[in-house]
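Reading the structure
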Amino acid sequence: MLLFGWLLLTITTYYIVMPVRSAFLMHSFGPSMLPWVNMGSAVATGVAVWIYNLFSFLPRAKLIGGCLAFLTLNLVGWWALGTAGADHAAWVSFAFYLWTDIFSIMAVVLFWTYANDRFGPEAAKRSFGFLAAAGPLGAIVGSLATRLLVKSTGLMPLLLIAACAFGATLLFFALAERSPYNKESIPSLAAAECAEKNCGILETIMSSRFLIFLSLLVLLERLVPDFGSYLFTVAVTRPTPRKPTWRLTAPPLTCGRTSCRWRWACCLRPRCCGASA
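In short, a report on the structure. (Residues numbered from 1 in each chain as written. Predicted model: local features only at pLDDT ≥ 70, side-chain atom pairs only at ≥ 80, totals over all residues. Heavy atoms only, no water.)

Moving on, we get to a nonpolar patch on the surface. Side chains of V43, V47, W50, I51, L54, F55 and F57 sit close together on the surface and give an oily, nonpolar patch of about 740 Å² of accessible area. Position of F55 among the secondary structure elements: in the loop between α2 (34–54) and α3 (60–83). Among the residues examined, F55 registers a relative accessible area of 42% and is labelled partly exposed. (Patch = residues over 30% accessible without salt bridge, like charges linked within 9 Å, V, L, I, M, F, W, Y side chains within 5 Å. Areas by Shrake-Rupley, 256 points an atom, 1.4 Å probe, with all protein chains shown as cover. Salt bridge = Lys/Arg side-chain N within 4 Å of Asp/Glu carboxyl O. Helix = DSSP H or I, 4+ residues; strand = E, 2+ residues; numbered from the N terminus. Buried < 20%, exposed > 50% of the residue type's maximum accessible area, 1.4 Å probe, protein only.)

Okay, here's the thing in structure tokens:
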């Protein structure tokens, strides 16, 4: 249940922060900036993962606990910038959008990295389905919380609420670290060989068809929502064209023929007997 609560709060936080980042970006740039900011997110996320890898030698408690605390402080910092009036600055909107993408990936990666350490293969088969259910539940809770709170608090206090929610994951992590567990996982032969050879990330991925397929799946998972979000935002921000009003034309008109009949026509110019008026 501790890990379930951890993932629930992580996804809840993301769904509170996501509308704030979209509002900032649309206010400062409009939808035309979305393709550029998505490309920037890819670069920024790669840099963040590289920096994270530099500290991977640290003990698990320090690495994961430190990252959770750092992300929480980041949220507090963005809230402070917003309350100081910097949310109207274009660079803040751009940087906050990039940071949100990094947060959405790193926060979830931290959770599943820890869960992978806590559960062996058999335990994972029994537990991971239950843990994954916290994802959609967190999306529902975060969306409802945003809808209920934004009218009374406004946008910026939502970031402080998100910081409090995500900060609570530190408590779940600390309690999970104190709880006893039995590590029953046995590394696979391929993983053991890579560990002995000190394989790099790319070499490890390319040595396994499963990891190649998983990487392509992650690529699509990132590409499709971003592309769909861009199309949706463009469609929503465009003015909706007015539909023509239809009415019955006036009584029979004289159009050079012996008789006319009633017809449905656009209100702009009535047509009579199939001929243009």
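From this point on, the discussion continues.
A word on the environment of L155. Counting through the fold element by element, L155 comes out in the loop between α6 (134–153) and α7 (156–178). Here the alpha-carbon distance between L155 and V20, two residues 135 residues apart in the chain, equals 6.2 Å.

With that out of the way, let us pick up the nonpolar core. Ranked by size, the top nonpolar core spans 46 residues in total, and within it L3, W6 and F96 carry the most contacts. Breaking this core down by element, the ones donating at least two residues are α1 (2–28), α2, α3, α4 (90–118), α5 (121–132), α6 and α7. L3 has contacts with F111, Y114, A115, F119, L131 and A176, leaving out every residue within four places of it along the chain. If you look at the next biggest cluster of nonpolar residues, it comprises 6 residues, including L25, L34, V37 and Y97. (Core = buried A, V, L, I, M, F, W, Y, C linked by side-chain atoms within 4.5 Å. Contact = heavy atoms within 4.5 Å.)

Since the α-helix turns once every 3.6 residues, residues separated by three or four places project in the same direction. Between its first and last C-alpha, α3 extends 35 Å over 24 residues, near the 34 Å set by a 1.5 Å rise per residue. The set of residues buried in α3 consists of L63, I64, G65, C67, L68, L71, T72, N74, L75, W78 and G82. Buried residues belonging to α3 abut α1, α2, α4 and α7. Positive phi appears at G85, one or two residues downstream of α3, with a value of about 95 degrees. (Expected span 1.5 Å × (residues − 1).)

Counted by the stated rule, this structure contains 3 salt bridges. Residue R60 pairs with D117 through a salt bridge whose shortest N-O separation is 4.0 Å. Separated by 57 residues along the polypeptide, R60 in helix α3 and D117 in helix α4 bring together distant segments of the chain. In this structure D117 comes out as partly exposed when scored by relative accessible area, which is 29%. Shared partners join several salt bridges into a network, and the residues in it are R60, D117 and E177.

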